[in-house]
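Read off the chains here:
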Amino acid sequence: MSTAPISRVSARLAAISPSATLAVDAKAKSLRAAGRPVIGFGAGEPDFATPDYIVAAAVAAAQDPVNHKYSPAKGLPELREAISAKTLRDSGYLVSPEDILVTNGGKQAVFQAFAALVDPGDEVLMPTPIWTTYPEVVALAGGTTVEVFAGADQDYKVTLEQLEAARTERTKVLLLCSPSNPTGAVYTAAELTHIGQWALEHGIWVVTDEIYEHLLYDDAQPAHIVALVPELANQTVVLNGVAKTYAMTGWRVGWMMGPPTSSGGHQLPVTPDQQRRQRLPARGHSRGGRRPVRGRPHADRLRPSASADRIHALRDRWRSGPHPQGGLLRLSER
Ligand SMILES: Cc1ncc(COP(=O)(O)O)c(C=O)c1O
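Just so we're clear, the structure is a prediction, and the values are computed from it rather than from any experiment.

### Structural notes on the overall build of the protein
- In terms of helices and strands, the protein carries 12 helices and seven strands.
- Per-residue burial over the protein gives 37% buried out of 334 residues.

Here's what the structure looks like:
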């Protein structure tokens, strides 16, 4: 029997490349498994185990038949409540649990954010150097990445003038990743405020990836664009996850928070419009009695001890450049 040739994969899929980060990481892991003394510089991964109390809670949850059933598409209500409380604690603003969507890791949140916002022809402003995943995801959504380059001479941070020069009538989204993968750059509150006001003025969506929020070095301070420019909440999607802070890269738990879409995709978070935002504090206060959200002590293990020291030690071996102010990576310009 003759067989027909298999038809090609979709143009969307053919437009993207496999993850370069995961390819490097897989290679390092296989060399290590073969007994070679390899240090992986691919994936951003803490080098210690997930804290015991998290593992114990997961074991207990796995043993409870309640958790053997389908859960709501947005994620467990208790988890979304905890993420809401965590956001208030760490970022200083209230998001309704209804506006939070739990994902299979931060990467799925990245994918969904661009799938939700970008149509063919839309342009996404992307400060570079940047994590290799973002342009692929924009391409998958049919959008066009517009790179805005910020080199070591400007601490790897784009200026408002650069963003304005790159803006066209097709500009739909500005991507921010601070602390940054791969540069370690951290935008200050003043810088984020200006960028947020500019996005507001021009009706540009902001997708802000805050997965490295707790990994800050030296004098770098946490800064969250929605807290700084609250009106931006209606056009911002915040991406986050537990992978980096809690050494949980293999657990695949992330989330996204943001306004509703008109696409009918009810999987996307629903709007914290001004009215609802004003009602939220009352709701927040009524949370007494709930289990508190555990802290973020595990990022501390990364900070002065492990990665930062090692990162700084590498400075002498690789051409000097701006110190990473945050994140897990150091960009070598050699
Ligand atoms: C900037 C950034 N966002 C998101 C992710 C994805 O995190 P997760 O492991 O939760 O998918 C990574 C992973 O390296 C990252 O560097």
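Moving on from the model shown.
### Observations regarding the sheet that holds strand E4 (residues 171-177)
- Reading across the sheet, the seven strands line up as E1-E7-E6-E5-E4-E2-E3 and stay open at both edges, with mixed pairing between neighbours. Of all strands in the sheet, those bounded by a partner on one side alone are strand E1 (100-103) and strand E3 (144-149). Neighbour-to-neighbour, the strand axes of the sheet open up by a mean angle of 20 degrees, direction not taken into account.
- As defined by bridge partners, strand E5 (residues 205-209) adjoins strand E6 (residues 236-241) across four bridges and the pair is classed as parallel. Across the sheet, Val-207 pairs through a bridge with Val-237, a residue of E6.
- Seen against the sheet, helix H4 (residues 77-91) touches E1 and strand E7 (254-257) and runs at an angle of roughly 110 degrees to E1.

### Section: the site of the ligand
- If you check the shell around the ligand, you find 15 residues, and the closest are Gly-105, Gly-106, Lys-107, Asn-181 and Ala-243.
- If one sorts the elements of the shell around the ligand by residue count, helix H5 (residues 106-117) sits on top with three residues.
- For the shell around the ligand, the class distribution of residues is six nonpolar, seven polar and two charged.

### Focus on the environment of Glu-78
- The residue Glu-78 is located in helix H4 in this model.
- Classification of Glu-78 as exposed rests on a count of 11 C-beta atoms within 10 Å.

### Regarding helix H6 (residues 133-140)
- Among all positions of H6, only Tyr-134, Pro-135, Glu-136, Val-137 and Val-138 are buried.
- Where H6 is buried, its residues contact H5, strand E2 (123-128), E3 and E4.
- Directly beyond the C-terminal end of H6, a positive phi value near 90 degrees is found at Gly-142.

### A closer look at the pairing of E4
- Extensive coverage of E4 is indicated by the burial of six of its seven residues.
- Here E2 pairs with E4 via three bridges, running parallel. Looking at E4, one finds that Val-124 is bridged to Val-173.
- As paired strands, E4 and E5 are joined by five bridges and run parallel to one another. Counted as the bridge partner of Leu-176 is Thr-208 from E5.

### Points about the pairing of E1
- Neither face of E1 is exposed, since Ile-100 and Val-102 on one face and Leu-101 and Thr-103 on the opposite face are all buried.
- In terms of strand pairing, E1 meets E7 through four bridges, oriented antiparallel. The partner of Val-102 across the bridge, within E7, is Trp-255.

### Re the packing of H5 against H6
- Relative to each other, H5 and H6 sit at 40 degrees, their axes nearing to 9 Å. In this view, H5 runs oblique relative to H6, as classed from their interaxial angle. Read as a crossing pair, H5 and H6 show a hand that is right-handed. Side by side, H5 and H6 meet where Lys-107, Val-110, Phe-111 and Phe-114 of the first sit next to Thr-133, Tyr-134, Val-137 and Val-138 of the second.

### Digging into the confidence of the model for the protein
- When the pLDDT values of the protein are averaged, the result is 83; 80% of them are 70 or greater.
- Within the model, pLDDT remains below 50 along residues 262-295, and this stretch shows 43 contacts once partners closer than five positions in the same chain are excluded.

Quick notes on the rules
Residues numbered from 1 in each chain as written. Predicted model: local features only at pLDDT ≥ 70, side-chain atom pairs only at ≥ 80, totals over all residues. Helix = DSSP H or I, 4+ residues; strand = E, 2+ residues; numbered from the N terminus. Buried ≥ 20, exposed ≤ 12 C-beta atoms within 10 Å, placed from the backbone. Pairing = 2+ DSSP bridges. Axes fitted to C-alpha atoms, helices over the stretch in contact; angles between N-to-C directions. Contact = placed C-beta atoms within 7 Å. Near = placed C-beta within 6 Å. Nonpolar A, V, L, I, M, F, W, Y, C, P; charged D, E, K, R; others polar. Parallel < 35°, antiparallel > 145°, perpendicular 65-115°, else oblique. Left-handed = near helix turned anticlockwise from the far one by under 90°. pLDDT = per-residue confidence, 0-100.

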